[in-house]
Amino acid sequence: MAHSAMSGNGTTADDDPLQTAVWRLRSRACWADAAALLVPDGAHTSLQRASLLVERCLYTEQGWADAEDALRTAEAMAHTDEERGAAACERGQLAYSATLHGVRDRADEARAALGRAAALIHPASPGRALLDFRRGLLAENLARSPQAAKAAYRRAHAGASAHPDPLLLSFTWRHLAGLALRDGELAEARHGFTESLRIREELGYLVGTAPALASLADAESEPEASRLREEARRLFRLLGGVPTWLARQLAMPAPGAATA
């Protein structure tokens, strides 16, 4: 998700047609097709291509070798600190995803890569918000430290607001809401999940809409919860069972942790 939804990345009417095509494919869970449109002939496009294939791994639990190859290309083409930091951020996300899905324990690699990214990406850079968000994911899902995760998500939320990145905001809203739900703060959780869903629907981020619906259902009472969960199941089936981890959440009546 290094290239999140904002002007210039395919989500506004004035964007480059190529970026618009890439966004439409990505938002419909067609990451490989989106990546195929990009020629990795420079640092920017090689990084964008790698980020798409890394995201596919998180959502589908497949394509690990393709993501590794694309990431090595992006790392080789990175020349500035910002570019090297962004590549390290993607390296950390790939290692995190492999650990989360039980492919291989790469938690140490994930921490090291995100630490390297933090040393390279300037604190005022637009890319810092994504890095903070991913550090929050590690804290929440690998280190099991909700307080550290909340602090990281809040930094990411502030950064995504300061450098308008609505897609990343949909993620920070959702994960902050997930922590609020764990703490029994239903009103706060409901608000965050509602904001996340609203943004994703406005952007047309179809692959992220089902998780947003399922999370909001966990904070709602009946019959609204069942209606939301059934809509999430419909979208989940429409996309061929992607994201894979959502199957567990939709099968369980108890609140599940936000994952993406």
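Up top is the structure these notes are about.
Residues numbered from 1 in each chain as written. Predicted model: local features only at pLDDT ≥ 70, side-chain atom pairs only at ≥ 80, totals over all residues. Heavy atoms only, no water.

**So, the overall build of the chain**
Here is step 1: A count of helical and extended segments in the chain gives 13 helices and zero strands.
Here is step 2: Over its C-alpha trace the chain gives a radius of gyration of 17 Å, about what one expects of a compact globule, namely 18 Å for 260 residues.
Here is step 3: If you line up the chain on its principal axes, its C-alpha atoms span 55 × 35 × 35 Å.
Here is step 4: Burial status across the chain gives 55% buried among its 260 residues.
Here is step 5: A separation of at least 24 residues holds for 57% of the contacts in the chain among residues at least 6 apart in sequence.
Here is step 6: With an accessible surface of roughly 11,000 Å², the chain has 55% of that area assigned to carbon and sulfur atoms. (Helix = DSSP H or I, 4+ residues; strand = E, 2+ residues; numbered from the N terminus. Rg over C-alpha atoms; globule rule 2.2 N^0.38 Å. Buried < 20%, exposed > 50% of the residue type's maximum accessible area, 1.4 Å probe, protein only. Contact = heavy atoms within 4.5 Å. Areas by Shrake-Rupley, 256 points an atom, 1.4 Å probe, with all protein chains shown as cover.)

**Notes on the packing of helix α10 (residues 186-203) against helix α11 (residues 206-219)**
Here is step 1: Closest axis-to-axis distance for the α10/α11 pair is 9 Å, and the angle between their directions is 160°. By the criterion of interaxial angle, the relationship of α10 to α11 is roughly antiparallel. Viewed along their axes, α10 and α11 form a crossing whose handedness is left-handed. Across the interface between the two elements, Leu186, Ala189, Arg190, Phe193, Thr194, Ser196, Leu197, Arg200 and Glu201 from α10 touch Gly208, Thr209, Pro211, Ala212, Leu213, Ser215, Leu216 and Ala219 from α11.
Here is step 2: Residue composition of the contact of α10 with α11, by class: nine nonpolar, five polar and three charged. (Axes fitted to C-alpha atoms, helices over the stretch in contact; angles between N-to-C directions. Parallel < 35°, antiparallel > 145°, perpendicular 65-115°, else oblique. Left-handed = near helix turned anticlockwise from the far one by under 90°. Nonpolar A, V, L, I, M, F, W, Y, C, P; charged D, E, K, R; others polar.)

**Remarks on unusual backbone geometry**
Here is step 1: With omega at 5°, the peptide bond leading from Glu222 into Pro223 counts as cis.
Here is step 2: By the element assignment, Pro223 lies in the loop between α11 and α12 (224-238).
Here is step 3: Residue Val242 is joined to Pro243 through a cis peptide bond whose omega torsion reads 0°.
Here is step 4: As for its position among the elements, Pro243 is in the loop between α12 and α13 (246-251).
Here is step 5: Positive phi outside glycine occurs at Ala29, with the angle close to 70°.
Here is step 6: Looking at where Ala29 falls in the secondary structure, it is placed in the loop between α1 (17-27) and α2 (31-36).
Here is step 7: Residues other than glycine seldom take positive phi values, yet Arg144 does so here, at roughly 55°.
Here is step 8: Counting through the fold element by element, Arg144 comes out in the loop between α7 (128-142) and α8 (146-162).
Here is step 9: Its relative accessible area of 60% is what places Arg144 among the exposed residues.

**Some thoughts on helix α5 (residues 81-100)**
Here is step 1: When the terminal C-alpha atoms of α5 are compared, their 28 Å separation across 20 residues agrees well with the 28 Å that a helix rising 1.5 Å per residue should span.
Here is step 2: Among the 20 residues of α5, 15 are classified as buried, and the element is accordingly described as predominantly covered.
Here is step 3: One or two positions beyond α5, positive phi appears at Gly102, with a value near 75°. (Expected span 1.5 Å × (residues − 1).)

**Notes on the packing of α5 against helix α6 (residues 107-120)**
Each packed pair of helices is defined by two parameters, the angle between the axes and the distance between the axes.
Here is step 1: Look at α5 against α6: their axes get within 7 Å of each other, and the N-to-C directions meet at 160°. Considered as vectors, α5 and α6 are oriented roughly antiparallel to each other. Helix-helix and strand crossings are classified by hand; for α5 and α6 the assignment is left-handed. In this structure, α5 uses Asp81, Glu82, Arg84, Gly85, Ala88, Cys89, Arg91, Gly92, Ala95, Tyr96 and Thr99 to contact α6, whose residues at the interface are Ala107, Glu109, Ala110, Ala113, Leu114, Arg116, Ala117 and Leu120.
Here is step 2: Classifying every residue of the contact of α5 with α6 gives 10 nonpolar, three polar and six charged.

**Describing the pattern of salt bridges**
Pairing between side chains of opposite charge can happen when their charged atoms approach one another.
Here is step 1: Using the criterion set out here, one finds 23 salt bridges in the structure.
Here is step 2: Taking the shortest distance from any N to any O, the salt bridge between Arg72 and Asp69 comes out at 2.4 Å. Taken together, the residues span about one helical turn, with Arg72 and Asp69 both in helix α4 (residues 64-77) at a distance of three residues.
Here is step 3: Residue Arg72 is classed as partly exposed on the basis of its relative accessible area, which comes to 45%.
Here is step 4: For Arg234, the salt bridge goes to Glu231, with nearest N and O atoms at 2.8 Å. Of this pair, Arg234 and Glu231 both sit in helix α12, three residues apart, which is roughly one turn of that helix.
Here is step 5: A residue is classified by how much of its surface remains accessible, and Arg234, at 41% relative accessible area, is partly exposed.
Here is step 6: With a relative accessible area of 27%, Glu231 lands in the partly exposed category. (Salt bridge = Lys/Arg side-chain N within 4 Å of Asp/Glu carboxyl O.)

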